[in-house]
Amino acid sequence: MSKMIAAHGLTKVYHDGKRGDVTGADSITFECVEGEIFGLLGPNGAGKTTTLRLMATILNPSSGTVTLNGYDVRSQPERVRASIGYLSGETGLYGRLTPREILRYFARLNRYPDGKREGRIEELVTLFEMGEFADVRCEKLSTGMKQKVSIARAVVHDPPILIFDEPTSGLDILVADTLLTFIEECRDAGKCIVFSTHIMSEAERLCDRISVIDHGRILATGTLDELRRRTGERYIEKVFRALVGRERHAEG
Amino acid sequence: MTDLLRDRRSVIATIVLPMLLFPILLFGSKRLEELRAGRLDEETVVVSLSGSQRGVETLIEADPFLERRDVADPEKALRRDEIQAALLLPGALPSPGGAAVVVTLYYDESDELSRLARERLNGHLETWRESLQAERLAAIEAPADVRDVLDLEMTNIASEARMAGGRLGKVFPMMLVFLLLNGAAYAAVDLFSGEKERKTLETLLTSLADRRSVVLGKFLTVFVVAETSTVLFVLSNLVSTKLGLTGAEAGRTTLALSPGVALIVFVVTLPLGILMSAILSYLSSCARTYREAQTLILPFTFGAILPAALGTLPGIRIDSVVAVVPVANVSVAVREALIGHFPPLPLAVVIVSNLAYAAWVLSRAARLFDGEAVILGSSSAIPTLFRRERPLVREAMIFYSAELLALYYIGSSLQAKNLMVGLFITLYGMLLVPSLLFARYHRLPLRAAFSLRRAPALTLVAALLMAPGTLLVANGLFRLQSRFVPVPEELFSSMEGLLGSSDRSVLLTFFLVALSPAICEEILFRGLLLGRLRRAMAPWRAALAGGLLFGLFHLSIYRILPTAFMGITAGALVLLSGSIFPAMVLHGTYNGMVIFGEHFDVLRRLDGHDPSLIAIAALLGIGGIVLLLHGRRAGNSVPTP
């Protein structure tokens, strides 16, 4: 299986007037392959979003490297962006456009072949059951509808890598389930998926491998079973608590 | 673009407003005209006389607001704006009792100054007529026909179109600039800060489109919107002309544009549109939210409308200096175009200079997007000064503002009561003592806070040598500025009151106007404020900002530029030498020379562009700079603050 993502010593330092230098990501190192769901698990402010933003070329790393689909974020950011579909709480929708228009716009921005475009859009509209509201302005849609549009937007150009930053936050169980099912289907289609969450059950259901992250550092990486063995805990919550607690305890 | 088009507010701003504006403009122009009359009263106009009539010549030469410059071909000179009116007098008077004296007055109805010249000449001719009449009555006993001793022919050289253009030129350029700004501002705020606020920017940036094309695309949209609103404005004028809405009722000629002029206006405004769009794009990409963008844009809008308004003042012609002043250049160019005046070279300068400014701003904006600050919305993206929270900069700024208010409310009234005592209290009681208290309160080490370090002797000499050059440049700036903002006579008289030595000794004047400011003002500005600013920004920026604050402190728009220049030079001296004393020497010498000049009337000679004076000052200045750099190296005890 070919390696899709490789991060080595990825570090991001923010300069903040009040707090001085803040390290958002500290020597993050991991790899992912095709057909794998890789989970970043951590509490709020742990550095998950920073790591994903670095991968999406929205932020520039202070040091370290990360390559996606073989392209380095620093030297070939456009190639990287062409290879990924990125979705986070910060990726909003144009309120005055309809879902179809948004999909069309992003398909064009991402240079998706013109001839296949409309077909792809209809495929996504059907897949996410957006038929009823595909021509209504986005500002009038509910949170769940918007999230469906956002996901469709992220994958409209059919990228080999998907980066989802807490995609289920704020969704009801049904929509969340649709989404998780979609992610599983993507894995089965051979895509490489990086997925951050602080919801343990999602991680348990989806992730092939998990990195537990806190204070910008990866505390442990492995399959859930490996992590269980390492901590001697049965439930994922306990595993997580053991890892994070151990670290915090060591610091204190 | 589609997203923006669906925003009703943007639509109103760019389409409806320009259409409504024109009718409003028609009613508003009268009011503006009244406002401007005030300024006109003080203008000096140039007139040409041909033929010779002692009576008229004396009257005209006695009028302080008329300047006589005789030309061979008055009509041509009038068209070229070399003169504002011409009077054709007969060589000799016809015999008493004979025919009336024929006098012809040439003027240009489309030019306010020319109309002014006409009015003034007319007044003098009236006086002359009366004296002629009296003369004739005395010369002949028999009551001849004495009512028509003078036959005045008025010749207006301006065509109807030119006259209409002249009237339109008073308000049209300002409206144009305003619309441009208004349209561009809506689009810019929506596309840059709005996308940030609605969180669509990050979505956009994860797409394949690279950041430069995102900036460029957004900028182009802003530009198209801005231009659309001006084009619609001009079109609405053309259409309402066709429909006869701007018709010539009540004896007024139409306020219509000809298609040709409209085209010229469009071409000249185009680069300004690019510039405005670039600046607004830049400003709003600095902001994180709508509201922040609006607070950033508002002062800029005022700053841009002002030069546009200045450009519509009568008497400002397009020349090499005006042509490079952004906004004002377009405003003047449009006004000139409206009266059918298209000087090709200045127009080219206007277009090229605006394009150059726009390119610079746009490259800055693109760099901003390259950085990640746009996403993070961190304060580092926002132009410095007030945002950074480095040691005590904010406190120092508050202190400065308090000083400014105190000066405005207390200082000036004290000085109005008794100039010398007031000056003494202001300088020592309101500048020096509070500055020291500020440092004490914040427990700043005095030596470091005020740069009270021993200066290398050479730098002191250098400061002395640089003073004349500084004064000359400041004086030049003053005159440049007075082209746009004419200096009222009162300022000169109040300056004379300050400097004049009629009722007190020169020594006292030197003490209060040269020595004391050199100490007190320097302690506050180059000591305290510069020291604080230096901790927040690069040295050259600190010197610049400190100088501007100093210029502002003189509470007079006429003196901002010259005093700011003095302040910047003094600031540079402090930063280069590490000591405040060279700045004190410069300031003292500078003010001293002004007093000296006023006292011995040297200033008048300085005004005459004397090349040898300029050369001496320049030589001294260069010598000063060399010494300064040398002294700095030799002194080598320069701890940067």
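Sequence order as written defines residue numbering, which begins from 1 separately in each chain. Note on labels: chains are lettered from A, ligands numbered from 1, in written order. Thresholds applied to this predicted model are a pLDDT of at least 70 for local features of residues and 80 or more for the giving and counting of side-chain atom pairs; totals over whole chains, interfaces and linings are not thresholded and use all residues. Excluding hydrogens and water, the side-chain values take into account all heavy atoms of the structure.

Student: How should a nonpolar patch on the surface be read in this particular structure?
Tutor: Residues and elements named next belong to chain B. Residues enter a patch when their relative accessible area is above 30% and they make no salt bridge; the linking distance is 9 Å between like charges and 5 Å between nonpolar side chains (Val, Leu, Ile, Met, Phe, Trp, Tyr). Per-residue and other accessible areas follow the Shrake-Rupley method at a 1.4 Å probe size, with only the shown protein chains counted as cover for residues. Criterion for a salt bridge: a side-chain nitrogen of Lys or Arg within 4 Å of a carboxyl oxygen of Asp or Glu. A cluster of nonpolar side chains, Val421, Phe424, Ile425, Leu508, Phe511 and Leu515, forms an exposed patch at the surface whose accessible area comes to about 480 Å². Numbering of helices and strands runs from the N terminus; a helix is a DSSP stretch of H or I covering at least four residues, while a strand is a stretch of E covering at least two. Secondary-structure elements contributing two or more residues to the nonpolar patch are α16 (419-441) and α20 (506-536). By secondary structure assignment, the location of Phe511 is in helix α20. The exposure class of Phe511 is partly exposed, given its relative accessible area of 32%. Only protein chains enter the accessibility calculation, which uses a 1.4 Å probe; a residue whose area is less than 20% of its type maximum is buried, one above 50% is exposed, and one in between is partly exposed.

Student: Mind showing me how you'd approach the interface of chain B and chain A here?
Tutor: Accessible area lost upon the coming together of the parts is a frequently used measure of interface size. Chain B puts 24 residues into the contact, and the matching count from chain A is 31 residues. Between chain B and chain A, the buried area comes to about 2700 Å², and carbon and sulfur atoms account for 51% of it. Here chain B and chain A share 0 salt bridges between them. Two N or O atoms count as a polar contact when they lie within 3.5 Å, although within protein this holds only if one can serve as hydrogen donor and the other as acceptor, and sequence-adjacent residues are included solely when both atoms are side-chain atoms. On the surface where chain B and chain A come into contact, there are 0 residue pairs in polar contact (both at pLDDT 80 or more). Grouping the constituent residues of the side of chain B that touches chain A by class yields 6 nonpolar, 5 polar and 13 charged. The criterion used for residue contact is that any of the two residues' heavy atoms lie within 4.5 Å. The buried area of a pairing is the accessible area, by a 1.4 Å probe, that goes missing from both parts when the two are put together, added over both. Throughout this entry, Asp, Glu, Lys and Arg are counted as charged residues, while Ala, Val, Leu, Ile, Met, Phe, Trp, Tyr, Cys and Pro are counted as nonpolar. The remaining residues, Gly among them, count as polar.

Student: Help me understand the pairing of strand β10 (residues 217-222) of chain A, please; the structure alone is not making it clear to me.
Tutor: Within a regular strand, the side chains alternate between the two sheet faces. Residue and element names in this part refer to chain A. Here, any two strands with at least 2 DSSP bridges between them count as paired. Pairing analysis gives 5 bridges linking strand β9 (residues 209-214) to β10, with the strands arranged antiparallel. Its bridge partner being in β10, Ile213 is matched across the sheet by Ile218. Counted between consecutive antiparallel strands, the loop separating β9 from β10 contains 2 residues, among which His215 sits at a positive phi close to 50°.

Student: Looking at this structure, how should I read helix α1 (residues 48-55) of chain A?
Tutor: Note: α-helices contain 3.6 residues per turn, so residues at a spacing of three or four share the same orientation. Counting buried residues along α1(A), 7 of its 8 residues qualify, which places the element largely inside the surrounding structure. Turning to α1(A), its buried residues are Lys48(A), Thr50(A), Thr51(A), Leu52(A), Arg53(A), Leu54(A) and Met55(A).

Student: Teacher, can you tell me more about the packing of helix α7 (residues 172-197) of chain B against helix α10 (residues 259-286) of chain B here?
Tutor: Any two packed helices are characterised by the angle at which their axes cross and by the distance between the axes. All names here are of chain B. Following both chains from N to C, one finds α7 and α10 inclined at 35°, their axes separated by 8 Å at the closest point. Like other packed secondary-structure pairs, α7 and α10 cross with a definite hand, here right-handed. Between α7 and α10, the residues in contact are Phe172, Leu176, Val177, Leu180, Leu181, Ala184, Ala185, Ala188, Val189, Phe192, Ser193 and Lys196 and Val265, Thr269, Leu272, Gly273, Met276, Ser277, Leu280, Ser281, Ser284, Ser285 and Cys286, respectively. Residues belonging to the contact of α7 with α10 are distributed by class as follows: 15 nonpolar, 7 polar and 1 charged. Helix axes are fitted only over the stretch in contact, all axes being lines through C-alpha atoms; the angle between N-to-C directions runs from 0 to 180 degrees. Throughout, a crossing is termed right-handed when the near helix is turned clockwise from the far one, and left-handed when it is turned anticlockwise from it by less than a right angle.

Student: Sorry, what's going on with the pattern of salt bridges here?
Tutor: For side chains bearing opposite charge, pairing can occur when the charged atoms are close. Residues and elements named next belong to chain A. As enumerated under the stated definition, the model contains 21 salt bridges over all chains in all. Note that Glu204 is salt-bridged to Arg228, the shortest N-O span being 3.1 Å. In this pair, Glu204 is assigned in helix α7 (residues 200-206) and Arg228 in helix α8 (residues 224-231), connecting sequence segments 24 residues apart. Connected via shared salt-bridge partners are Arg104, Asp114, Arg117 and Glu118.

Student: Whenever I open this one, the environment of Thr143(A) confuses me. Can you help?
Tutor: All names here are of chain A. Mapped onto the secondary structure, Thr143 falls in helix α5 (residues 143-155). When the C-alpha positions of Thr143 and Asp172 are compared, they lie 9.2 Å apart, and in sequence the two are 29 residues distant. With sequence-adjacent residues up to four places away left out, Thr143 is seen in contact with Gly170 and Leu171.

Student: What is the right way to read the sheet that holds β9(A) from this model?
Tutor: Residues and elements named next belong to chain A. Read across the sheet, 6 strands follow the order β6-β7-β8-β3-β9-β10 without closing on themselves; strand pairing throughout is mixed. The open sheet has two free edges, formed respectively by β6 (84-87) and β10, since each of these has just one partner strand. For this sheet the average axis-to-axis angle between neighbouring strands, irrespective of direction, equals 15°. Taken together, the 5 bridges between strand β7 (residues 161-165) and strand β8 (residues 192-197) define a ladder with parallel strand orientation. For Ile163, the partnering residue across the bridge sits in β8 and is Val194. Across the sheet, α5 touches β6 and β7, and the angle it forms with β6 is around 160°. Across the sheet, helix α6 (residues 173-188) is in contact with β3 (37-41), β7 and β8; its angle to β8 comes to roughly 150°.

Student: Looking at this structure, I do not really get the packing of helix α3 (residues 99-109) of chain A against helix α4 (residues 114-127) of chain A. What am I missing?
Tutor: All names here are of chain A. Where α3 meets α4, the closest approach of the two axes is 10 Å, and the angle between their N-to-C directions is 135°. Judged on the interaxial angle alone, α4 and α3 are oblique. Between α3 and α4 the crossing geometry is right-handed. Across from Arg100, Leu103, Arg104, Ala107 and Arg108 in α3, the residues of α4 making contact are Arg117, Glu118, Ile121, Glu122 and Val125. When the residues that make up the contact of α3 with α4 are grouped by side-chain class, the tally is 4 nonpolar, no polar and 6 charged. Any angle between 65 and 115 degrees counts as roughly perpendicular, while under 35 counts as roughly parallel, over 145 as roughly antiparallel, and the rest as oblique.

Student: Quick question: what am I supposed to make of the pairing of β9(A) here?
Tutor: Residues and elements named next belong to chain A. With 5 of its 6 residues buried, β9 lies for the most part within the structure. Relative to β9, β3 is paired through 4 bridges, and the arrangement is parallel. Each bridged residue has a counterpart across the sheet, and for Leu40 the counterpart in β9 is Ser211.

Student: Help me out: how do you make sense of α7(B) in this one?
Tutor: Residues and elements named next belong to chain B. Helix span, as expected, comes to 1.5 Å for every residue beyond the first. For α7, which comprises 26 residues, the first-to-last C-alpha distance of 36 Å matches the rise-based estimate of 38 Å (1.5 Å per residue) to within 8%. At any given residue, the bend is defined as the angle formed between two axes, one fitted to the seven residues that end at that position and one fitted to the seven that begin there. Along its length, α7 shows its largest kink, about 30°, at Asp190. Counting buried positions along α7 yields 22 of 26 residues, so the element is predominantly enclosed. Looking one or two residues beyond α7, the residue adopting positive phi is Lys199, at roughly 65°.

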